[in-house]
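# Tertiary structure, described
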Amino acid sequence: MSRARYTRRLPAAALVAGLALAVSACGGGSTDTAAAPAASASSAQLDPNMDLSKQSLTISVWPGYTPEDLPKRVKDKLKTELKVTLHDTNEIIMGKLTTGADTGLDVAFVSGQYAQALNEAGLLEPIHPELIPNLANLYPEAKELSYDKGNVFSVPYTWGTTGICYRSDLVKTPPTSWNDILNPPAEAKKKVTMMTTERWLALPAVKALGLSVNTKSDDDLAKIKAKLIEAKPNLLRYDDVDFGKRLVSGEAVMVEAWDGWCPTSEKNIEFVVPKEGSDLWVDTMVVLKSSKNKEAAHAFVNFILDPEIHGWAAQNILYKVPNKAAMDALPADLKEKNKPLQMSPSQLLAGESIIDLGEDSTKFTRLATEVQAAK
C-alpha cells in the first residue's frame with residue numbers, strides 16, 4: 001500500500017501566514033460559504049458536446065495520491081492528454097495559485113479549507129453538475145460539508161478524521177479521551193506523540209477544552225496554548241510523519257493520528273475517536289477559473305468519480321472516499337484489516353469541518369511556533 005502522500009500536511013508556517021493575508025486581501029477569509037452559489041452566474045458557458053481530444057489537461061496533486069498510470073487511463077477513456085504535476089503541501093500549491101500568474105493548471109487537488117480560500121479569492125470555476133454525472137455516486141453527506149455546502153466550487157476526493165492510534169498491548173486502559181494524550185497514564189509518559197501541523201497540533205487541546213476547531217478567540221487560543229505547553233513534558237516528540245512506525249516498534253504507545261495513517265493492520269494497534277469529538281478533513285478537486293480546458297477538466301473529475309478509479313484511493317492510500325459505489329466495492333478483508341475504512345459518512349460528519357480562517361490562520365501558526373519553542 002502506498003503511503004507516499006504524507007507530505008500533504010507538512011507545515012510551512014511562514015508561508016501559511018503570508019498566504020492567509022494574501023488571500024484575505026483578495027476577498028478571502030470569510031467563513032460564510034452561503035454566498036458561494038452566486039459565483040455560478042459569471043461562470044463560463046461550457047459545451048457538453050466538446051471534442052475532448054482537442055483539449056489537454058494539466059493537474060497538480062500530492063505524490064502517490066492518484067494511480068501512476070493515470071495519464072494513460074485518461075487518454076484511453078477521454079482521448080485527452082494529461083500532464084500530472086506534483087505538490088508536496090497545500091501551502092506550496094496555494095503559493096503557485098495565488099501569485100496572479102497563469103500557472104497553466106486546469107485542476108488542483110487541495111484540502112477543503114484551501115478550496116474555500118481559493119473560491120473566495122475568485123480563482124475557481126464553479127462546478128457544472130451537468131458535466132459530472134458521476135456526482136450521483138457520492139454519499140448524500142458529501143453535499144453537507146460546511147466549507148462548500150452543495151459542492152458548488154469543489155468535489156471531494158477523500159475524507160477522514162483524526163484520533164488516537166495506540167498499542168492495545170502496551171497501555172493498561174484503552175484511551176477514550178484527548179486528555180489521555182495530553183496527560184497520559186504512567187506507562188505512556190514520554191511514549192506519546194502529537195502532530196506538528198498547526199491546526200492538528202492544537203486539536204487535542206481544542207477538543208479537550210470543548211472548543212471549536214475553527215475558534216478565532218484570543219481567550220480560547222490562550223487556554224489552548226497553556227494546555228499544550230502543560231502536556232509537553234509527557235511527549236516523546238511532535239511527529240507528522242513517522243508516528244505509525246514508532247507505534248509499530250513500541251517506541252511510542254499512543255499517538256495522535258489521521259485515521260488512514262493508523263496502521264491498524266498491524267497486530268495490537270487500534271484507532272479511536274475520543275469522546276470529546278474530533279475534526280472532519282476533506283481533500284478536494286477544484287477547476288481553476290483560468291483553465292482553457294474546462295470541459296476536459298469536468299470530464300476528468302467525472303472520470304475520477306468512477307467507482308473503480310475512485311476506489312483506488314481507498315485501497316492504496318487507505319483513506320475513505322465519499323463515493324458510496326467505490327466504498328461498497330472494497331474487498332471485505334481490506335476493511336477488516338484497516339478498521340478506519342469501516343467508518344460511516346454519518347460518523348465522519350459528527351466531526352467538525354475545518355474551514356478557512358483567513359488572516360486569523362496566523363493565530364494558529366503563532367500558537368504552534370510558541371508551543372514547540374516552549375521549554
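This is a predicted model, so every value here is computed, not measured.

### Overview of helix 3 (residues 90-97)
Restricting attention to buried positions, one finds in helix 3 the residues Asn90, Glu91, Ile93, Met94 and Leu97. The buried residues of helix 3 occupy an angular sector of 165° when the element is viewed end-on, so they sit on one face.

### Notes on the nonpolar core
Formed by 95 residues in total, the largest nonpolar core has its most connected members in Phe109, Ile224, Leu228, Met285 and Phe300. Considering every element that reaches this core, the biggest residue donor is helix 9 (residues 294-304), with seven residues. Those residues within four positions of phenylalanine 109 in sequence are excluded, and the remaining contacts are Ile59, Ser60, Val61, Trp62, Thr66, His87, Tyr157, Thr284, Met285 and Phe300. Within the second largest apolar cluster, 15 residues are counted, among which are Ile93, Ala108, Leu118 and Leu288.

### So, the confidence of the model for the protein
Do not read the predicted coordinates in detail wherever pLDDT is low. With 89% of its residues at a pLDDT of 70 or more, the protein shows a mean pLDDT of 89. Contacts from residues 1-42, a stretch scored under 50 in pLDDT, to residues over four places away or in other chains number 99 contacts.

### Quick notes on the packing of helix 7 (residues 218-231) against helix 14 (residues 361-373)
Running from amino to carboxyl end, helix 7 crosses helix 14 at an angle of 25°, the nearest separation of the two axes being 10 Å. Our classification of the angle between helix 7 and helix 14 gives roughly parallel. Crossing hand, helix 7 versus helix 14: right-handed. Along the contact surface, helix 7 presents Asp218, Leu221, Ile224, Lys225, Leu228 and Ile229, while helix 14 presents Lys363, Phe364, Leu367, Glu370 and Val371. A breakdown of the residues in the contact of helix 7 with helix 14 according to their chemical character gives seven nonpolar, no polar and four charged.

### Digging into the packing of aromatic side chains
As enumerated under the stated definition, the model contains eight aromatic pairs in all. Between tryptophan 200 and tryptophan 258, the aromatic rings sit 6.0 Å apart at their centres with planes inclined by 80°, giving edge-to-face as the arrangement. On the criterion of sequence distance, the pair formed by tryptophan 200 in helix 6 (residues 198-208) and tryptophan 258 in strand 8 (residues 254-258) is long-range, its members being 58 residues apart. For the ring pair phenylalanine 243 and tryptophan 258, a centre distance of 6.4 Å and an interplane angle of 65° mean the geometry is edge-to-face. Taken together, the positions of phenylalanine 243 in helix 8 (residues 243-249) and tryptophan 258 in strand 8 put the pair 15 residues apart, joining distant regions of the chain. No difference in accessibility class separates phenylalanine 243 from tryptophan 258, as the two residues are buried.

Reading guide: rules and limits
Residues numbered from 1 in each chain as written. Predicted model: local features only at pLDDT ≥ 70, side-chain atom pairs only at ≥ 80, totals over all residues. Heavy atoms only, no water. Buried < 20%, exposed > 50% of the residue type's maximum accessible area, 1.4 Å probe, protein only. Helix = DSSP H or I, 4+ residues; strand = E, 2+ residues; numbered from the N terminus. Arc of directions from axis to C-beta. Core = buried A, V, L, I, M, F, W, Y, C linked by side-chain atoms within 4.5 Å. Contact = heavy atoms within 4.5 Å. pLDDT = per-residue confidence, 0-100. Axes fitted to C-alpha atoms, helices over the stretch in contact; angles between N-to-C directions. Parallel < 35°, antiparallel > 145°, perpendicular 65-115°, else oblique. Left-handed = near helix turned anticlockwise from the far one by under 90°. Nonpolar A, V, L, I, M, F, W, Y, C, P; charged D, E, K, R; others polar. Phe/Tyr/Trp six-rings, centres within 6.5 Å; stacked < 30°, edge-to-face > 60°.

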